[in-house]
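Chain residues, written in single-letter form:
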Amino acid sequence: MSKTEKKTAFRKLPLCIAMLSCLYGTSVMAQDAPAQAQQEEAKQDQPKELEKITVTGSLLRRLEYDTTSPVQVLTADISADVGQINTAEFLQKSSVAAGSTQISNQFAGFVIEGGTGVQSISLRGLGPQRTAVLLNGQRPGPAGTRGQVLAFDLNVIPQSILQRAEIVKDGSSSIYGSDAVAGVVNLITRKNFDGLEFSITGRIPQKGDAETVSISLANGWNFSNGNIAVAGEYYIQEPLRLGDRDYLRCAEDLITDSSGNRIDREDRSITAGTDLEGCNNLYANTVIDYFDPAYRLVPTQDGSTIGALPGYKPRPRTTRTYLNGGAYYEDQLNFDFVGDAHLINRQERASLYANADFSFGDVNFTAEGLYNRRNTRTHGLRQFFPVVEAPVPSGYGQVIMPFSSDQDVTVDYMYLRTGLDGLFSWTDSWAWSTNLSYTRSDGDYSVFAIDRAKSGDLTLANSGTAPVDYFKPCIMNGQCMNELEDALGVWHTGNTVYDQVLFNAVATGELFDLPAGALGAAFGVEYRNFGIDDQPSEFERAGRAWGQSSAQVTKGRDNVKEIFTELEVPLLKGLPFVEALTANVSARAFDYASVDDSDYVWKMGLSWQINSAVRLRATKGTSYRAPGLYELYLGNLTGFVGQIAIDPCINWGESTNDFIRANCAAEGIPDDYAAAGAPSATVTTGGGSGFLNPETSRAFTVGTILTPSWAPISVAFDYFDYEVNDQIATLTSATILGGCYGAPVFPNNFCNNFVRNPGTGPQAHAITDVFATYINVNLQKVRGYDLLVRWDDDYSFGKLSVETQLTYTMEDVNLLFEDPLGNGYVRSNNVGYIGNPKLVGNLNAQLKRSDWTYTWGMDYVGATRNLDLNPTFTYLGFANAQRDIWAESRLYHNVSIRYNQPKWSLLFGIRNLLDSSPPTVSTGAATRYGNVPAFATQYDLLGRSFFTKLDIKF
């Protein structure tokens, strides 16, 4: 073979691997345990130059598709066959991710890193900022809005271009750099399209809403020395509204007596006897005396008037409990328009992807480009409660009115990469590669706010005069919300730009021969320069938004220079019980401009092939994460938050939270404390430039791989152990106050981050200051097991493939402070809490028979509970009441059938076949959407859904 032919063969290695992956297309563990017979056959049939490949988890070219690190492979085909229709679902439902809360577009109304609509991947529950995401082995930059852009947004990758995802399940900073603390997700795209291809996918929930449609078109052109492929996709998902599901539309207390009879507070408000009865969704249509908050005006059921406000009356001063005449309420807590609020955002995306691969003599050229535009719209509700002159005893009151809380976000994302590679002219074993990439995310975020200059709020300077009559009944109850919003509402728009330039170069080959084989080596350098420029609107910077803090510019740049190496040392070979014993060592040194000192990380691995059926492997190493740009440079914010919004001790006598009642009482705060006349608290937040330290971590894995020759089965069983130190975090004002008073242990370290006035003198007990900057907190430790099993064989009735992934988490300790009791909790292990199940997994079985493919999938979520609460408690004076603190396990079934023809295929399936609803819990057991735990993202909120996919080749 000539030198040019060798280089062309080397250039075609990615195509060879893509073909091999198609052969193992349904395998989730191709890298862990390929079938031995197929592996040996592949070695015999392929020329030597085609055998050396670079796989995820290593820099080295190698003869086999495995590494010492545990790697899990997910294929896009199986994802489509079980009804997962976007990249976020594809990754977040994997067992390595499903055991913890994942950020998806179901967090409408929450402030999340990356901004509204972002979807990310968090491995092992360590956070998306500690998971490195690659595209074809290279690192693209993140996308999002506002100042907290750091993690990669999965929205930018259209699923139609994906072939598979390879997940490295151990710390990998020595191979891939900063952020690969929990592991790495490498997204591999399709490289070749044989002519024009069209595809349309749709999913429709049986109960309506959240309908999703995806349309893609792709084409490819092959030439004598390479190919070009281009693909485009349009994707739209309609919102899921709170009123669309029974378990979301009505938040109830869900309390029973010891016999199981419901004893929820009786609704004696204006909604009693209507479809809105008994739901605690939104508190409004009330006037509160500013200096005596126990005095409140509520609407009368018959429209009569008691007092000075027509149609309203004073409610009872004392909370009605089972000790003083029965538990009931007269405040209006639900409205017909609440059901229109979004739980899942409306998402619309358009994507264009192109790649090119060419060989020019001794040099091979690659290029790829990705453009994505995402628009996210969300609708929610909030309270507007200015202090004005009011018909209450003190003459001043807060009028509680509903107001829309809407956002409209558009993000334009661009990623361009070019690379060169080849063999060094003086050797057949040493190869080189270089890559240069550029990423730019440009996002506009528009927010519907209340103009404080028009609010007429007497507690704020320059607030003007109220432009409408706040005491008009239809203004207070929201029926004339449009009139209120026309008078006070204002859309304001900010912009966030994040850009990144990355260059790397790698040389890999064989240093010399050892008795057991050649010593493999890789050496490389990388330079990355990245910056953020978040410009909030002038309206927001000036602090003109009522009820919101002012936001300042977040702007900064950083760069890192890195050198790295990897060695693979064959130690023994061909001995009894030692078919092969190989050690792998890698290291990387960092020099960040934002960090005073340089640092380094390392990893060691050992692979012991005992015989053809049994292999043992282990890795141990360290990882590193430098502070993100927003963690360093987030613009200092000084906000003013009302006492009611942050102080859980206000009227704590009415609280159903055991810990708040006990801890506020221990502080000496009266149960009817109302913060009457107290000014807003000053909340200070900002970046940690100058005092933040990088995070460091260690990871250890050990596992066994079984590939017996007597059965078409492969098994991989791994133990994992992570510990992350000096984690970077910020504590919101609500988290700080809630962590202090809402925890089993009091006082705790949360209580050191705010100032409360003493119980005597002016503004007694009022919160004056809250400090919430980014800081280094203590540690997170995660331990557990992974099990991957695959059965794959041909039978007379067809080809049967069965695969399962299971993850069992033993420990997930997350300590903000060194002493567990300082965190406010008796226990430090979060495993088993709602949102953190011990066991998650899935099983997919597929039968291919003639032109038909039948798929059956199952997703399992283990049971969880609020481990800090006793199900038996005293509810509003009712002793031995029972509350539901358990989120039960769920087993979801997904089925599909596909008809295949040479030029087209048609798929039809049902996701959540048995229409299993998510579990519900009682009030106080968890943050809830309706009655469903909000952060337990493992559960299906849609119910039974029908999906279909049509593929056509022209």
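All values reported here derive from a predicted model rather than from experimental measurement.

Here the focus is the overall build of the protein chain. Tallying secondary structure elements over the protein chain gives 16 helices and 49 strands in all. In terms of C-alpha radius of gyration, the protein chain reaches 30 Å, essentially the compact-globule figure of 30 Å for 954 residues. In terms of overall dimensions, the protein chain has a C-alpha envelope of 100 × 60 × 50 Å along the principal axes. Buried residues in the protein chain amount to 58% of all 954 residues.

A word on the sheet that holds strand S11 (residues 255-256). Strand order in the open sheet formed by 3 strands is S11-S43-S42, with antiparallel pairing between adjacent strands. Both outer strands of the open sheet, S11 and strand S42 (872-875), are each paired with one neighbouring strand and no more. Of the strand pairs in this sheet, S42 and strand S43 (residues 878-883) are connected by 3 bridges, and their pairing is antiparallel. Directly across from Phe873, in S43, lies its bridge partner Ala881.

Where two cysteines share a covalent bond between their sulfur atoms, that bond is called a disulfide. The tally for this structure, following the rule as stated, stands at 4 disulfides. One disulfide bridge connects Cys474 with Cys480, the sulfur atoms lying 2.0 Å from each other. With the S-S dihedral at roughly -95°, the linkage between Cys474 and Cys480 falls on the left-handed side. An identical accessibility class is assigned to Cys474 and Cys480; each is buried. Across a sulfur-sulfur distance of 1.9 Å, Cys649 and Cys664 are joined as a disulfide pair. Between Cys649 and Cys664, the S-S torsion sits near -85°, and that sign places the bridge as left-handed. Taken together, the residues span a long stretch of sequence, with Cys649 in the loop between helix H14 (643-646) and helix H15 (658-666) and Cys664 in helix H15 at a distance of 15 residues. Cys649 gets classed as buried once you look at its relative accessible area, which sits at 0%. In the protein chain, the bonded cysteines, taken in the order they occur along the sequence, pair up as 1-2, 3-4, 5-6, 7-8.

What follows deals with unusual backbone geometry. The omega torsion of the bond from Phe746 to Pro747 falls at -5°, within 30 degrees of zero and hence cis. Among the secondary structure elements, Pro747 is positioned in the loop between helix H16 (733-741) and strand S34 (754-756). Positive phi outside glycine occurs at Arg124, with the angle close to 65°. Note on placement: Arg124 falls in the loop between helix H7 (95-98) and strand S4 (131-135). The backbone of Ser850 shows a phi angle near 55°, a positive value even though the residue is not glycine.

So, about helix H11 (residues 481-488). Looking only at H11, the buried set comprises Met481, Leu484, Glu485, Ala487 and Leu488. The buried residues of H11 all sit within an arc of 160° when viewed along its axis, so they share a single face. Opposite the buried face of H11, at more than 90 degrees from it, the exposed residues are Asn482 and Asp486. Looking at the packing, one finds that the buried side of H11 touches strand S19 (363-384), strand S21 (396-423), strand S22 (431-450), helix H10 (473-476) and strand S23 (489-514).

Turning next to the pairing of strand S24 (residues 517-535). When S23 meets S24, the two strands line up antiparallel, connected through 18 bridges. Each residue of the ladder has a partner; that of Phe503, found in S24, is Tyr527. Between S23 and the antiparallel strand that follows it, S24, lie 2 residues. Note that S24 and strand S25 (residues 554-575) share 15 bridges and pair antiparallel. From the neighbouring strand, Glu526 faces S25, where its bridge partner is Glu562.

Here 4 strands make up an open sheet; going across it, the order is S3-S5-S6-S4 and the pairing mixed. Only two strands of the sheet have a single neighbouring strand rather than two, namely strand S3 (71-75) and S4. Adjacent strand axes in the sheet meet at a mean angle of 15° when their direction is disregarded. The pairing of S4 with strand S6 (residues 183-189) spans 5 bridges and is parallel. The residue bridging Leu134 from the neighbouring strand is Asn186, located in S6.

For the coordinates displayed, the defined rule picks out 46 salt bridges. In this structure, Glu89 engages Arg203 in a salt bridge whose closest nitrogen and oxygen atoms are separated by 2.7 Å. Highlighted residues: Glu89 in helix H6 (residues 87-92) and Arg203 in strand S7 (residues 197-205), separated in sequence by 114 residues. Each of the two residues, Glu89 as well as Arg203, counts as buried. Between Asp951 and Arg898 there is a salt bridge; the shortest N-O distance is 3.5 Å. A residue pair is termed long-range when its members are at least 10 positions apart, and Asp951 in strand S49 (residues 945-953) and Arg898 in strand S45 (residues 890-900) qualify at 53 residues. Both residues of the pair, Asp951 and Arg898, count as buried. Through salt bridges with shared partners, one network takes in Asp81, Arg898, Lys949 and Asp951.

What follows deals with the pairing of strand S32 (residues 713-725). Burial analysis of S32 places 10 of its 13 residues in the buried class, which makes it a mostly covered element. In this structure, strand S31 (residues 695-706) lies alongside S32, joined through 11 bridges in antiparallel fashion. From the neighbouring strand, Thr701 faces S32, where its bridge partner is Phe720. The hairpin turn running from S31 into S32, its antiparallel successor, is 6 residues long. Sheet topology note: the S32/strand S37 (residues 779-795) ladder contains 13 bridges and is antiparallel. Paired with Val724 across the strands is Gln780, a residue of S37.

Here we take up a nonpolar patch on the surface. Residues Leu436, Val501, Phe503, Val525, Tyr527 and Ile563 make up a contiguous nonpolar surface patch of about 490 Å² in total accessible area. Contributions of two or more residues to the nonpolar patch are made by S23 and S24. Relative to the helices and strands, Tyr527 resides in strand S24. Classification of Tyr527 as partly exposed rests on a relative accessible area of 32%.

Parameters and conventions
Residues numbered from 1 in each chain as written. Predicted model: local features only at pLDDT ≥ 70, side-chain atom pairs only at ≥ 80, totals over all residues. Heavy atoms only, no water. Helix = DSSP H or I, 4+ residues; strand = E, 2+ residues; numbered from the N terminus. Rg over C-alpha atoms; globule rule 2.2 N^0.38 Å. Buried < 20%, exposed > 50% of the residue type's maximum accessible area, 1.4 Å probe, protein only. Pairing = 2+ DSSP bridges. Disulfide = S-S within 2.5 Å. Arc of directions from axis to C-beta. Contact = heavy atoms within 4.5 Å. Axes fitted to C-alpha atoms, helices over the stretch in contact; angles between N-to-C directions. Salt bridge = Lys/Arg side-chain N within 4 Å of Asp/Glu carboxyl O. Patch = residues over 30% accessible without salt bridge, like charges linked within 9 Å, V, L, I, M, F, W, Y side chains within 5 Å. Areas by Shrake-Rupley, 256 points an atom, 1.4 Å probe, with all protein chains shown as cover.

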